[in-house]
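# Analysis of the macromolecular model
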Amino acid sequence: RIRRILIVDDDEATRAEVAATLGMDPALDVSIANDGRGALDQVATGQFWPDVILLDMMMPGVDGDDFLAALDAINHTREVAVIVMTALPRSSIPEGVHRRARSILFKPFTLATLAECVDAALKH
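Reading the values: rules and limits
- Residues numbered from 1 in each chain as written.
- Predicted model: local features only at pLDDT ≥ 70, side-chain atom pairs only at ≥ 80, totals over all residues.
- Heavy atoms only, no water.
- Pairing = 2+ DSSP bridges.
- Helix = DSSP H or I, 4+ residues; strand = E, 2+ residues; numbered from the N terminus.
- Right-handed = clockwise from strand over helix to strand, strands pointing away.
- Axes fitted to C-alpha atoms, helices over the stretch in contact; angles between N-to-C directions.
- Contact = heavy atoms within 4.5 Å.
- Expected span 1.5 Å × (residues − 1).
- Buried < 20%, exposed > 50% of the residue type's maximum accessible area, 1.4 Å probe, protein only.
- Arc of directions from axis to C-beta.
- Parallel < 35°, antiparallel > 145°, perpendicular 65-115°, else oblique.
- Left-handed = near helix turned anticlockwise from the far one by under 90°.
- Nonpolar A, V, L, I, M, F, W, Y, C, P; charged D, E, K, R; others polar.

## As for the pairing of strand β1 (residues 3–8)
The two faces of the sheet receive side chains in turn, since in a regular strand these alternate between them. Note: β1 against strand β2 (residues 28–33), six bridges, orientation parallel. Bridge pairing links Val8 to Ala33 in β2. Chirality of the crossover, the property in question, places the unit of β1, helix α1 (residues 12–23) and β2 among those that are right-handed. Relative to strand β3 (residues 52–56), β1 is paired through four bridges, and the arrangement is parallel. What sits directly across from Val8, in β3, is Leu55.

Written out as structure tokens, the structure is:
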């Protein structure tokens, strides 16, 4: 079955690079959102129901922490794996993010590492 990945990042270059890498896999359907609000709209309306969300922590408006709280308020989203991508230092990641995220990737990370995390989340 096709697995769905939602990339949520305000940095266009990151979104494009990650989407291009994951998009090479024909078993993945990739959607992007340039902010937390857009991503929440895709999920809440059922427009795009992801298996995995790749989430940047630092975004204007709805940041990663706020996004996770809002995501978990939507029915049946607890089974959606979240992989956090961040330039924040490890000590600045809120405890709730540590609990909710399947993985935390600290920038800069390699696309190979990202692909391994996505693969592991899909197999979990």
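## So, the sheet that holds strand β5 (residues 103–106)
Here five strands make up an open sheet; going across it, the order is β2-β1-β3-β4-β5 and the pairing parallel. For this open sheet the edge positions go to β2 and β5, each flanked by a neighbour on one side alone. Direction aside, the axes of adjacent strands within the sheet are offset by 20° on average. On top of the sheet, helix α5 (residues 111–123) reaches β1, β2, β3, β4 (81–86) and β5; it is set at about 160° to β4, its chief contact.

## Quick word on α1
Taking 1.5 Å of rise per residue, the twelve residues of α1 would be expected to cover 16 Å, and the 16 Å separating its terminal C-alpha atoms lies within 8% of that figure. Buried within α1 are the following residues: Thr14, Arg15, Val18 and Leu22. Buried residues of α1 fall within an arc of 100° about the axis and therefore sit on the same side. The outward face of α1, more than 90 degrees from its buried face, is lined by the exposed residues Glu12 and Ala13. Among the structural elements, β1, β2, β3 and α5 are those in contact with the buried residues of α1.

## Here's the deal with the packing of helix α2 (residues 36–44) against helix α3 (residues 64–72)
Interhelical geometry of α2 versus α3 gives an angle of 15° and a closest axis separation of 10 Å. Put simply, α2 runs roughly parallel to α3. Relative to α3, α2 is oriented so that their crossing is right-handed. Facing α2, whose interface residues are Gly36, Ala39, Leu40 and Val43, α3 presents Phe67, Ala70 and Leu71. Classifying every residue of the contact of α2 with α3 by side-chain character gives six nonpolar, one polar and no charged.

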